[in-house]
Amino acid sequence: MKATETNFLKFLEGKHQFIIPIYQRTYCWTIRQCEQLWKDIVRTGKDEKASGHFLGSVVYIDRGLYHVTSVPQLLVIDGQQRLTTLSLLLAAFGKAIEETETKLETSLRKIESYYLFNKEEEGEEQYKLLLTQSDKDTFIRQIEHRELPKNKSIHIQQNYEFFENQIRQPEIDLTILYNGIKKLIIVDISLDRDRDDPQLIFESLNSTGLDLSQADMIRNYVLMGLEQKEQEKIYNQYWFPMERIFDSVDSTEMFDRFIRDYLTLKSPVGSIPNIRDVYRSFKNELDSQRDPSIKDIVADVYRYAEYFAKLAFNQETNEKIKEIIADIKSLKIDVAYPFLMEVYDDWIHRKVIINDEFINILKLVESYIFRRSICEIPTNGMNKTFATLSREIDKKNYMKSLQTVLITKSRSQRFPTDEEFHRQFVIKDIYNFRSYKYLLRKLENHGRKELVNIDEYQVEHIMPQNPHLSLEWQEDLGKKWPEIQAKYLHTIGNLTLTRYNAKLRDRSFIDKRDEKDGGFADSPLHLNRGLQHLKQWNETEIKNRAASLAEIAVKVWTFPSVK
């Protein structure tokens, strides 16, 4: 390794090309980072006593071993964001000089010739900086001041426009700005391919985990040591499509979660990595394998990423399965994902189970999760339950084995029986239950062929929430009406759905029942069946309705029947 402190503009001069390897993350600096850089440059330019402003390091390795060209090509290991951002600033600065005809010791022609282009070269070799494929075209067109492509890199466009707008501010003196740019200093770190390990250096430069996500670190580790052609082949075939999956939600956090779940299901004992340390766990997993094929590993990761996307991002194409997955997702128990990804693989890739079995397994998991939620069984051990579940079942007798395993679990892992579920269902505070909309939707649509969209309805308390009930309500409920209201107000027996919540409000039961426009007797909803025949609403009717709905719930969220 050779490290030298050098002036940034001097660093760019000469015939060479900085290549951002295909495995590096894309350009991601935002306006916030650009604002700070701009302030530093302007402040340094104004300060006559300041001899320079330190930017950080640029680490690179000679690409010559792989590529023989007339332009020395340098693979950038660290420093892409600074190189790209300052190149955008220089392009905007050069354009401003030409437009304003400001007399400086530099010009647009000099800036382009010295810092942005290798003027005597053709094709891609003419560019001093070559970004990765998703950024390359936008960057080239931006510094050439051409129309940007349709699938442009937003960060490149926005940051260039930011610098362009800042330069145009009336208080900006281009001489001071250039003075600040001239004072920029970096540490030029060139690596010896035969002596230095780029991955170890890369890790040490990013050891705090602040600059790069766990996903970035994993990608670099997997691809950095490969020959260029193999890098491009694996990246284009597997890694880039996988990045596109997670780009759709614009979240590196979700990629880290996926890798954690992937490592969990691959662990022989179902160990669960810390979400902040999935890179180390992934690296240890690869290092533990004998002669691992990087292509096979990345292909395997990509396959499971597609399963994860079906579960987490609603990307399943089978409508029936998509509906069940949406139900599971609404319960917010994503600790089941490691197990469900393996079930997906057993269905699609290994073909251990058929379509109907897969659907029944999803329904079983949904029932297990929901029943436990209703019975308020602590969830702190659920991640471990699902992490080890696939290792407990006999995949030659998949469904029956899974059912047996679940119903034989005890204590905090138990699958609530019909009796326990029924008992807790009728007394639970449903109105303040996190999944109350899911619950009411499933009850309403049980047995229906034409499903009801309950998002168009509001929850209605048949017995009103108002603590000062009318005399009619007090008479219906009896002398103990305050206790009855407190006990049953938010339970399933007293809740229904309506589109006329504001109209019904605190009115008497008879008025709510017989209202011509939106009354219970006029309702098309299954949840309101039976209310039209009642003459009053009291504790007995609330308990009867709760028991009736609980019987439906037992059929919706079934307990396994193993013979």
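As for the nonpolar core
Logical step 1: Core analysis: the biggest nonpolar cluster contains 160 residues, and Phe-8, Phe-93, Phe-246, Phe-258, Phe-282, Phe-339 and Leu-439 have the highest contact counts within it.
Logical step 2: At twelve residues, helix H13 (residues 294-312) tops the list of elements feeding residues into this core.
Logical step 3: Residues Trp-481, Leu-489, Phe-520 and Ile-542 belong to the second largest nonpolar core, which totals 16 residues.

Comments concerning the pattern of salt bridges
Logical step 1: One pass over the full model with this rule turns up 35 salt bridges.
Logical step 2: In this structure, Lys-119 engages Glu-112 in a salt bridge whose closest nitrogen and oxygen atoms are separated by 3.9 Å.
Logical step 3: Given a relative accessible area of 47%, Lys-119 falls into the partly exposed group.
Logical step 4: Here Glu-460 makes a salt bridge to Lys-512, at a shortest N to O gap of 2.7 Å. Placement of Glu-460 in strand S7 (residues 458-461) and of Lys-512 in helix H24 (residues 509-514) is noted, with a sequence separation of 52 residues between them.
Logical step 5: On the basis of relative accessible area, Glu-460 is assigned to the buried category, the value being 2%.
Logical step 6: Judged by its relative accessible area of 0%, Lys-512 falls in the buried class.
Logical step 7: It is possible to trace a salt-bridge network through shared partners that takes in Lys-266, Asp-300, Arg-303, Glu-342, Asp-345, Asp-346, Arg-350 and Lys-395.

Quick look at the packing of aromatic side chains
Remark: the centre distance and the inter-plane angle together describe each pair of aromatic rings, the angle taken between the planes.
Logical step 1: Summed over all chains, the structure comprises 41 aromatic pairs.
Logical step 2: With centroids separated by 6.1 Å and ring planes inclined at 80°, the aromatic side chains of Tyr-221 and Tyr-279 adopt a geometry described as edge-to-face. Residue Tyr-221 is found in helix H9 (residues 214-223), and its partner Tyr-279 is found in helix H12 (residues 278-287); the two are separated by 58 residues along the sequence. Comparing Tyr-221 with Tyr-279, the two get one shared label, buried.
Logical step 3: Aromatic side chains Tyr-368 and Phe-386 sit 6.1 Å apart centroid to centroid with 75° between the ring planes, which places their arrangement in the edge-to-face category. With Tyr-368 in helix H16 (residues 355-374) and Phe-386 in helix H17 (residues 382-392), this residue pair connects regions lying 18 residues apart in the sequence.
Logical step 4: What makes Phe-386 buried here is its relative accessible area of 2%.
Logical step 5: If you follow Lys-119 out to its NZ or CZ, it ends over the ring of Phe-117, 4.9 Å from the centre.

Here we look at the pairing of strand S4 (residues 73-78)
Logical step 1: Summarising burial for S4: six of the six residues are buried, a large majority.
Logical step 2: Both strand S2 (residues 17-19) and S4 contribute to a ladder of three bridges, which runs parallel. Paired with Gln-17 across the bridge in S4 is Gln-73.

About the cut-offs
- Residue positions are given per chain, counted from 1 along the sequence in the order it is written.
- It should be noted that, the model being predicted, local features are given only for residues of pLDDT at least 70 and side-chain atom pairs only at 80 or more, the latter also being counted only at that level, while totals for whole chains, interfaces and linings use all residues.
- To get the side-chain values, take all heavy atoms of the structure and skip hydrogens and water.
- Note on terminology: a nonpolar core comprises buried Ala, Val, Leu, Ile, Met, Phe, Trp, Tyr and Cys residues joined through side-chain atoms within 4.5 Å.
- Relative accessibility under 20% of the residue-type maximum defines a buried residue, over 50% an exposed one, and the middle range a partly exposed one, all with a 1.4 Å probe and only protein chains included.
- For the purposes of this entry, the term helix denotes a DSSP run of H or I that reaches at least four residues, the term strand denotes a run of E that reaches at least two, and both are numbered from the N terminus.
- By salt bridge we mean one thing: a side-chain nitrogen of Lys or Arg within 4 Å of a carboxyl oxygen of Asp or Glu.
- Pairing of aromatic rings covers Phe, Tyr and Trp, the last through its six-membered ring, and needs centres within 6.5 Å; plane angles under 30 degrees mean stacked, over 60 mean edge-to-face, and all others mean tilted.
- Lysine NZ or arginine CZ positioned within 6 Å of the ring centre and within 35 degrees of the ring normal marks a charge as sitting over the ring.
- Any two strands with at least two DSSP bridges between them are considered paired.

Structural measurements only, silent on function.
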